[in-house]
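Fold and contact review
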Amino acid sequence: MDGTFPSICRLCLAYCPIEVVVEGGRAVRVIGDRSGTPYDGYTCPKGRALPEQHAASSRLLRPLHRNGNKATPLTSQQAVDDIAARLRSIIDTYGPEAVGYYIGTGVVSNPTGQGPGIAFMRAIGSDLVFSAATIDKPGANVSTALHGNWMAGAHRMEDADTWMVIGGNPVISKSNGAPPNNPGVRLKEALARGMKLIVVDPRRTETAKRATLHLQIRPGEDATLLAGIIHVILSENLQDQAFIGRHAEGLGQLRDAVVAFTPDYAAARAGVAADDLTAAARMFAAGRIGGAVCSTGPSFSSHGNLSFYLALCLNTLCGRWARAGERAPFPNVLLPEYTPKAQPFAPYPALGSRVLSATGLRQNASGMPTGALADQILSDGPDRIRALFCVGGNPVLAWPDQARTEQALARLDLLAVFDYRMTPTAEFADYVIPPPLTLEIPGNTQMVEWLKYIGVTRGMSVPWAQHSPAVIPRPEGSDLIDDGEFFFRLAQAMGLQLNLTYVSGAGPHLEVPTRIVALDMQAAPPTVDALLEMECAGSRIPLEEVKRHPHGRLFDTDGIRVQEADPDCAARLRLGDPMMMEELADILRDSPQDDDRFPLRLICRRVNNFMNSVGQELEVLRPVGQGNPFGLHPQDMASHGLAPGAEVVVRSADGTVRGQVQPDDSLRPGTLSMTHGFGARLSGADDRSEAGASVASLTGVAERDRITGMPRFSAIPVSITACP
Ligand SMILES: Nc1nc2c(c(=O)[nH]1)N[C@H]1C(S)=C(S)[C@@H](COP(=O)(O)OP(=O)(O)OC[C@H]3O[C@@H](n4cnc5c(=O)[nH]c(N)nc54)[C@H](O)[C@@H]3O)O[C@H]1N2
Ligand SMILES: Nc1nc2c(c(=O)[nH]1)N[C@H]1C(S)=C(S)[C@@H](COP(=O)(O)OP(=O)(O)OC[C@H]3O[C@@H](n4cnc5c(=O)[nH]c(N)nc54)[C@H](O)[C@@H]3O)O[C@H]1N2
Ligand code: SF4
Ligand SMILES: [Mo]
């Protein structure tokens, strides 16, 4: 049916409300929904390219079986039956632990599919479920475990007097650091009302340009800088002693651990002015409401857990948590009703019991360490992974050490990739299973709310919800299968029972008890609509009610106030976790060494046209021939004798890439900036330089975080030389 339909863009976690113009059963145009949503009609180039994404000639419309270089189409039922047979034989020979599952960022587009997939893994008896969370910000959940959580949630930026964003650029990423609903405008409003914004970033980003104070840090020194800020707050007695006295412990240990991080020492190491560091500490400690939020910058550049932990300590020292009587900062709408209480949830173990034999790394509060997944495939241990489901991910470009990733994928007995296009990862697959795309399936905004469980101060902080039915039919003659239906049919073919689990919380801190739903395995596969219904059963506002507002709605929060702490609550937030304090002491011991071979530091940056590797295939987002030029400060261009647009080779200890260099005066001198997600596979004969330079081939696994296995994706020592 033709017309203009309200819907939700689900390409990134902002979930912007959109209107889709449909002609002849095809989406022809996407515009922002201006009907008074809290997004004010915002869209980005990716969202406006949804019509091209859906109609792209590169899109896969039926499953493929690949054998060597030959790819043969097959029906979705054949794919299910073939994979069931091969999996049965692998499990019979090696046991269920030979099967792994990797959840990539693509599942953001249809989160319902993961319930059946994870239930399938449980049904076969394998706990080897990995996700991109452990190569993103695993420190978010690990630090929450070590520090404890606050049951009412953190302060909202919309109310804040003072705000600090550490290594994030929410104006572009719509992620950590500002609300996802049009973050640029939300920041502008907050600043206009007088909020002070501190941004810590080696680059003068779109967010840093708005900052009251920008600390242009030397990459990799966030923990040093934060320890310095805490030093100033404690030595000037700026902390909220009443809050700490009632709700926290370990102040003495933290105070001792930061003694050596004087403003002079910390600022010199972090490459900022000592006066600016002191000013940042005073600015952050002033005012009643505020928050410090870490994002990928500190996570990627080493000591990620510690940086996230120190940011939590900073919030606790200054009492940046919602108090009794205040409005609940994250009022659930499509999540269940719960009671936000002004009390701590005590720290809990950051490490699980499951040890991966290849690396000795353990499951952590963010999940299985994806940074060690390739090792698990290349291992000869008893828990070697031989079959992998890769759902909505692109390991070749996203995991560290690209050559090693490719070696691992090539070694698998069975690789099933769930993707709508032939990525460099899909080129290694035995089966490629394409799903329908967002405009062809229903969806709702529960996912955006759910983000609050990943670390703190994230997710939607206004009571917004929207549901969208499918707005266009699937392409004629296609045989597409969504992830949920696939795993249901696979379980049916293997005679397994699937039980879905719905968790509302972080670790053991649950807002409501976990719900388990047993699927009827004799019935037809649950549709995406049915899975959405199951997910939202028990939501504070019934899904039926949300559906009555096709353009979405801000639901009221009357009466949702933060409650007093339980009178017998003895839980305390922990400021001086011993493992973290020890890591802080390590930082004092090993000061950074300059390496003449690699005088520059590579940092990563996201851009508006791409969502990780998504969007590369569309000409509207990436005109023919346009790669990912490297950014270098004009001063460094000059000292290397490079002209704008020069062809260069960038080298790290782990690899080499070629590309063009462009001057970028927003960078801290001494850094080189690249955008990830570009590039082709390394093993393969043809020249694919038009795919751009792959950052993954410059990264290695030598410096994985010892707790999470988080690889180094930033602050990587590199050199640059002109091509002859
Ligand atoms: N060097 C370097 N490495 C990095 C990063 C970096 O900045 N630099 N970033 C890290 C971070 S933060 C992350 S989260 C990871 C990301 O790691 P991945 O999630 O593995 O990588 P993506 O490129 O996001 O892959 C998403 C895939 O999902 C597919 N997809 C899109 N929509 C759908 C859908 O509806 N269904 C299905 N089944 N598939 C779909 C896309 O085509 C794409 O191939 O990479 C990490 N790796
Ligand atoms: N348009 C767009 N949006 C996206 C994505 C995308 O690819 N494109 N990806 C999505 C994903 S998977 C994620 S995880 C989020 C990530 O969201 P963000 O974390 O906001 O990611 P970036 O925008 O790359 O911002 C990271 C910043 O860290 C800085 N940085 C690098 N090294 C350091 C360091 O050592 N210390 C400090 N303090 N800063 C450092 C970089 O200069 C950069 O500005 O974005 C999501 N949203
Ligand atoms: S920011 Fe862009 S990609 Fe993300 S949901 Fe909004 S329109 Fe879509
Ligand atoms: Mo990410």
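Residues numbered from 1 in each chain as written. Chains lettered and ligands numbered in written order. Predicted model: local features only at pLDDT ≥ 70, side-chain atom pairs only at ≥ 80, totals over all residues. Heavy atoms only, no water.

Quick look at helix α14 (residues 304-317)
Under the convention used in this document: Put simply, DSSP H or I for four residues or longer makes a helix, DSSP E for two residues or longer makes a strand, and each gets a number counted from the N terminus. Residue count minus one, scaled by 1.5 Å, sets the expected span of a helix. Relative accessible area decides the class of each residue, using a 1.4 Å probe on protein chains only: under 20% of the type maximum gives buried, over 50% gives exposed, and in between gives partly exposed.
Taking 1.5 Å per residue as the helical rise, α14 with its 14 residues ought to reach 20 Å, and the 20 Å between its terminal C-alpha atoms agrees with that figure. Of all 14 residues making up α14, 14 are buried, and the element is well covered by its neighbours.

Side note on the site of ligand 1
Rules: Working definition: residue near molecule or strand if any one of its non-hydrogen atoms lies within 4 Å of it. We define a polar contact as two N or O atoms separated by no more than 3.5 Å, with the added condition that, inside protein, one atom must be a possible hydrogen donor and the other a possible acceptor, whereas residues neighbouring each other in sequence contribute only through side-chain atom pairs. Using a 1.4 Å probe, accessible areas were evaluated by the Shrake-Rupley method; residue-level cover was limited to the displayed protein chains. These domain limits were set by an automatic method or by a database of domain assignments.
For ligand 1, the set of nearby residues contains 28 residues, the closest of which are Y102, T105, D419, R421 and S613. Measuring from an oxygen atom of ligand 1, one finds a side-chain N or O atom of D419 at 2.6 Å. At 3.2 Å from a nitrogen atom of ligand 1 is found a side-chain nitrogen or oxygen belonging to R606. When isolated, ligand 1 has an accessible area of 920 Å², and the protein chains bury 97% of it. In this structure, the shell around ligand 1 is formed jointly by two domains, domain 1 (64-136 + 349-433) and domain 3 (593-722), each of which donates at least three residues.

Describing the packing of helix α11 (residues 263-270) against helix α12 (residues 274-285)
Under the convention used in this document: A fitted line through C-alpha atoms represents every axis, and for helices the fit uses only the stretch in contact; the resulting angles, taken between N-to-C directions, go from 0 to 180 degrees. Oblique is the label for every angle not falling under 35 degrees (roughly parallel), over 145 degrees (roughly antiparallel), or within 65 to 115 degrees (roughly perpendicular). The sense of a crossing depends on the near helix, which, turned anticlockwise from the far helix by less than a right angle, makes the crossing left-handed and, turned clockwise, makes it right-handed. The contact definition used throughout considers only heavy atoms, calling two residues in contact when any of these lie within 4.5 Å. Three classes are used, and their members are as follows: Ala, Val, Leu, Ile, Met, Phe, Trp, Tyr, Cys and Pro are nonpolar, Asp, Glu, Lys and Arg are charged, and the others, Gly among them, are polar.
Contact geometry of α11 with α12 gives a least axis separation of 8 Å together with a crossing angle of 110°. As summarised for this structure, α11 and α12 are arranged roughly perpendicular, according to the angle between their axes. With respect to the hand of their crossing, α11 and α12 are arranged in right-handed fashion. Residue-level inspection shows P263, D264, A266 and A267 of α11 in contact with α12, the latter providing A274, L277 and T278. Counted by class, the contact of α11 with α12 contains five nonpolar, one polar and one charged residues.

A short note on the domain arrangement of the protein
Cut-off, in case you're wondering: By convention, the term buried area covers the 1.4 Å-probe accessible surface removed from two parts as they join, with the contributions of both added. Within this document, salt bridges are pairs made up of a side-chain nitrogen of Lys or Arg and a carboxyl oxygen of Asp or Glu, the two lying within 4 Å of each other.
With domains assigned, the protein is organised as domain 1 (64-136 + 349-433), domain 2 (155-320 + 572-585) and domain 3 (593-722). Each of domain 2 and domain 3 has a C-alpha centre, and these two points are 28 Å apart. Overall, the association of domain 2 and domain 3 removes approximately 1800 Å² of surface from exposure, summing both partners, and the carbon and sulfur fraction of that is 54%. Looking only at domain 2, the three residues that lose the most surface to domain 3 are R203, P219 and F300, adding up to 36% of its buried area. Viewed at the interface, domain 3 and domain 2 are joined by one salt bridge. For E583, the salt bridge goes to R706, with nearest N and O atoms at 3.9 Å. Run the count over domain 2 and domain 3 and you get nine residue pairs in polar contact (both at pLDDT 80 or more). Counting residues per element, the ones that place at least two in the side of domain 2 that touches domain 3 are α6 (170-173), α13 (296-300) and α22 (578-589). For the side of domain 2 that touches domain 3, the class distribution of residues is eight nonpolar, nine polar and five charged.

Examining the site of ligand 2
For ligand 2, the set of nearby residues contains 32 residues, the closest of which are S173, D222, S295, T296 and F610. Backbone polar atom of G167 to an oxygen atom of ligand 2: 3.3 Å apart, as the coordinates give it. In this structure, V200 approaches ligand 2 through a main-chain N or O atom, which is 3.1 Å from a nitrogen atom. Coverage of ligand 2 by the protein amounts to 96% of the 920 Å² it exposes when considered alone. Going through the elements one at a time, α6, α13 and β27 (600-604) are the ones with two or more residues in the shell around ligand 2.

Some words on the pairing of strand β4 (residues 64-67)
Formally: Two strands make a pair as long as DSSP finds a minimum of two bridges between them.
As paired strands, β4 and strand β5 (residues 70-73) are joined by four bridges and run antiparallel to one another. Bridge assignment links H65 to a residue of β5, and that residue is T72. Count of turn residues in the β4/β5 antiparallel hairpin: two residues, of which G68 carries a positive phi of about 60°. With two bridges connecting them, β4 and strand β19 (residues 431-433) associate as antiparallel partners. Residue pairing across strands places L64 opposite V432, the latter belonging to β19.

Side note on the sheet that holds strand β32 (residues 716-722)
Ordered in space as β27-β31-β28-β30-β29-β32, the six strands form a closed barrel in which the pairing is mixed. Sheet twist, expressed as the average angle between the axes of neighbouring strands with direction ignored, equals 45°. Sheet analysis places strand β29 (residues 647-652) next to β32, joined by five bridges and oriented antiparallel. Within β32, the residue paired with V650 across the bridge is I720.

Details of the nonpolar core
Heads up, the rule is: For the purposes of this section, nonpolar cores are sets of buried Ala, Val, Leu, Ile, Met, Phe, Trp, Tyr and Cys residues that join through side-chain atoms within 4.5 Å.
Formed by 67 residues in total, the largest nonpolar core has its most connected members in M164, L225, I229, I230, L254, L310 and L314. When neighbours within four sequence positions are excluded, M164 is seen to be in contact with I198, V200, I229, F284, G291, A292, V293 and L314. Ranked by size, the runner-up nonpolar core spans 41 residues in total, among them A119, A387, Y431 and F487.

Let's talk about helix α4 (residues 114-124)
All buried positions along α4 are accounted for by Q114, P116, G117, A119, F120, M121 and I124. Backbone geometry just downstream of α4 places G125 in the positive-phi region, at approximately 95°.

So, the sheet that holds strand β9 (residues 162-166)
If you walk across this open sheet you meet the four strands as β11-β10-β9-β13, and the pairing is parallel. This sheet does not close on itself; its edge strands, each paired only once, are β11 (213-215) and β13 (290-294). The mean inter-strand angle of the sheet, taken between neighbouring strand axes irrespective of direction, is 10°. Contacting β9, β10 (196-200) and β11, helix α8 (residues 222-235) crosses the sheet at an angle of about 155° to β9. Across the sheet, α12 is in contact with β9, β10, β11 and β13; its angle to β11 comes to roughly 130°.

Observations concerning the pattern of salt bridges
Within this structure, the stated rule accounts for 35 salt bridges. Put simply, R186 and E189 hold a salt bridge, and the shortest N to O gap is 2.9 Å. In this pair, R186 and E189 both sit in helix α7 (residues 183-192), three residues apart, roughly one turn of the helix. Two residues, K452 and E511, come together in a salt bridge whose shortest N-O distance is 2.8 Å. With K452 in the loop between α18 (446-450) and β21 (464-465) and E511 in strand β24 (residues 509-518), this residue pair connects regions lying 59 residues apart in the sequence. The two residues K452 and E511 agree in class, both being buried. Residues joined by salt bridges that share partners form a network here, namely E583, D586, R589 and R706.

Considerations on the packing of aromatic side chains
A ring pair, where both rings are aromatic, is described by two values, the distance of the centres and the angle of the planes. Put simply, the rule is: In this analysis, rings of Phe, Tyr and Trp, with Trp reduced to its six-membered ring, are considered paired at centre separations within 6.5 Å, and the interplanar angle assigns stacked below 30 degrees, edge-to-face beyond 60, and tilted for intermediate values.
What the rule picks out here adds up to 17 aromatic pairs. On the basis of an interplanar angle of 55° and a centroid distance of 6.2 Å, the ring pair of Y101 and F389 is categorised as tilted. With Y101 in strand β6 (residues 99-103) and F389 in strand β17 (residues 387-391), this residue pair connects regions lying 288 residues apart in the sequence. The exposure class assigned to Y101 is buried, which follows from its relative accessible area of 0%. Taken together, the ring pairs connect Y101, F120, F389, F418, F486 and F487 into an aromatic cluster.

Structural notes on the environment of E533
With respect to the helices, strands and loops of the structure, E533 is situated in helix α20 (residues 528-536). Taking the C-alpha atoms as reference points, E533 and P550, separated by 17 residues in sequence, lie 16 Å from one another. Aside from chain neighbours lying at most four places away, what touches E533 is L543, E544 and K547.

Some remarks on unusual backbone geometry
At H303, a residue that is not glycine, the phi angle is positive and equals roughly 55°. Relative to the helices and strands, H303 resides in the loop between α13 and α14. One non-glycine residue, D401, lies in the positive phi region at around 55°. Looking at the secondary structure, you find D401 in the loop between α16 (395-398) and α17 (402-411).

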